[in-house]
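Architecture at a glance
Listed below, chain by chain, are the residues.
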Amino acid sequence: MLKLIVAGGFGGAVTYCIGNWFVSKKLQAQKHEHDKQLESLISKLGKKNTVHKLQFEKEFQLYGELWKALVDVRSTATITPFIDVMPKDQAHYDVYKDRYASAAAAFNKANNLFKYHEPFYHDDVSKITEDILYQCRKHIRKVERVLSSGEFDDKLFDSADELFEKMIEAINEIEKAIKVRIGLLQEAEIVE
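Computed from a predicted structure; not experimentally measured.

The full count for this structure, using the stated rule, is five salt bridges. The salt bridge involving Lys-68 is made with Asp-72; its shortest N-O contact spans 3.4 Å. Of the two residues, Lys-68 and Asp-72 are both situated in helix H1 (residues 2–76); the distance of four residues between them amounts to about one turn of the helix.

Further remarks concern unusual backbone geometry. Positive phi, close to 60°, is recorded for Ile-79, a residue that is not glycine. Take Ile-79: it is sitting in the loop between H1 and helix H2 (92–117). Ile-79 sits in the buried class, given a relative accessible area of 2%.

So, on to the packing of aromatic side chains. One pair of aromatic rings is described through two measures. These are the centre distance and the angle between the planes. A full pass over the atoms with the stated rule returns three aromatic pairs. Ring geometry for Phe-114 and Tyr-121: centres 5.7 Å apart, planes at 15°, overall stacked. Judged by its relative accessible area of 5%, Tyr-121 falls in the buried class. Members of the aromatic cluster, joined through ring pairs, are Tyr-63, Phe-114 and Tyr-121. The ring centre of Phe-120 lies 5.8 Å from the NZ or CZ of Lys-58, which sits over that ring.

Once that is clear, we can look at a positive patch on the surface. Together, Lys-138, Arg-141, Lys-142, Arg-145, Lys-155 and Lys-166 line one region of the surface with positive charge. Contributions of two or more residues to the positive patch are made by helix H3 (123–149) and helix H4 (154–187). Its place among the elements puts Lys-166 in helix H4. We classify Lys-166 as partly exposed; its relative accessible area is 37%.

Right, let's get into H3. For an α-helix the count is 3.6 residues per turn, leaving residues at separations of three or four pointing the same way. Here H3 is 27 residues long and its end C-alpha atoms lie 39 Å apart, about the 39 Å a rise of 1.5 Å per residue gives. Looking one or two residues beyond H3, the residue adopting positive phi is Gly-150, at roughly 80°.

Turning our eyes to something else, we now look at the side chain of Gln-135. When you line up the elements, Gln-135 lands in helix H3. Setting aside residues no more than four positions away along its own chain, Gln-135 makes contact with Leu-163 and Lys-166.

Mapped onto the elements, Val-95 comes out in helix H2. Val-95 gets classed as buried once you look at its relative accessible area, which sits at 5%. Put simply, Val-95 and Ile-79 are 16 residues apart on the chain and 8.9 Å apart in space, counted from C-alpha to C-alpha. Ignoring anything within four residues of it in the chain, the contact list for Val-95 reads Met-86, Pro-87 and Gln-90.

There is a patch of like negative charges on the surface, built from Glu-151, Asp-153, Asp-154, Asp-158 and Glu-162. Turning to its location among the elements, Glu-151 is positioned in the loop between H3 and H4. Taking the relative accessible area as the measure of exposure, Glu-151 reaches 60% and is therefore exposed.

Time to look at a nonpolar patch on the surface. Together, Ile-18, Trp-21 and Phe-22 make up an exposed nonpolar region whose accessible area comes to about 350 Å². For Trp-21, the location among the structural elements is in helix H1.

With that out of the way, let us pick up the packing of H2 against H3. Where H2 meets H3, the axes come as close as 10 Å, and the angle between the chain directions of the two elements is 150°. Here H2 is positioned roughly antiparallel relative to H3, judged by the angle of their axes. Two packed elements cross with a definite hand, and for H2 against H3 that hand is left-handed. The residues of H3 that touch H2, namely those facing Tyr-93, Tyr-96, Lys-97, Tyr-100, Ala-103, Ala-104, Phe-107, Ala-110, Asn-111, Phe-114 and Lys-115, are Ser-126, Thr-129, Glu-130, Leu-133, Cys-136, Arg-137, Ile-140, Val-143, Glu-144 and Leu-147. Along the lines of polarity and charge, the residues of the contact of H2 with H3 split into 13 nonpolar, three polar and five charged.

Parameters and conventions
- Residues numbered from 1 in each chain as written.
- Predicted model: local features only at pLDDT ≥ 70, side-chain atom pairs only at ≥ 80, totals over all residues.
- Heavy atoms only, no water.
- Salt bridge = Lys/Arg side-chain N within 4 Å of Asp/Glu carboxyl O.
- Helix = DSSP H or I, 4+ residues; strand = E, 2+ residues; numbered from the N terminus.
- Buried < 20%, exposed > 50% of the residue type's maximum accessible area, 1.4 Å probe, protein only.
- Phe/Tyr/Trp six-rings, centres within 6.5 Å; stacked < 30°, edge-to-face > 60°.
- Lys NZ or Arg CZ within 6 Å of the ring centre and 35° of its normal.
- Patch = residues over 30% accessible without salt bridge, like charges linked within 9 Å, V, L, I, M, F, W, Y side chains within 5 Å.
- Areas by Shrake-Rupley, 256 points an atom, 1.4 Å probe, with all protein chains shown as cover.
- Lys, Arg positive; Asp, Glu negative; His and termini not counted.
- Charge placed at Lys NZ, Arg CZ, Asp CG, Glu CD.
- Expected span 1.5 Å × (residues − 1).
- Contact = heavy atoms within 4.5 Å.
- Axes fitted to C-alpha atoms, helices over the stretch in contact; angles between N-to-C directions.
- Parallel < 35°, antiparallel > 145°, perpendicular 65-115°, else oblique.
- Left-handed = near helix turned anticlockwise from the far one by under 90°.
- Nonpolar A, V, L, I, M, F, W, Y, C, P; charged D, E, K, R; others polar.

So far we have only geometry, and geometry alone does not tell us how the molecule works.
Have a look at this one:
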């Protein structure tokens, strides 16, 4: 009987060792699989962070360029304000013609910059920018027609003053939208 107990104990020990070996192999296989999954997730996260960093840098650069172009448009687009300081040695027509040329150049630069990079701007910035550029285009074309005809009227001056007010409001809205957008992007952790 003692032989059976000893034999059973020995058999139990062998069975325990074999079972332990199988469990250990199974755990090692699972650990290896989890390590591979973890490595894959870390790699995907690194790629995602790199993409966010590149997006932030590109968007930030474009906002800087757009801002400068819009400030140039704001300073030139009104062309014919109601209250105006005119040089004494130039005719009004010549002054307005020069201003028109400056406004058209500034507008074209801002419009091209906006259109060429529109997919990179946030919708809040795009909507305001598109609207104010449309308003500027209308006024600049109106001035062009008046310069061609040579017939100035008070409507042109009123239009210039209205555009000036719209420009101030739009530039302030764009500034807020850009600050909000950059603020949101800065909350994301940027990994080098």
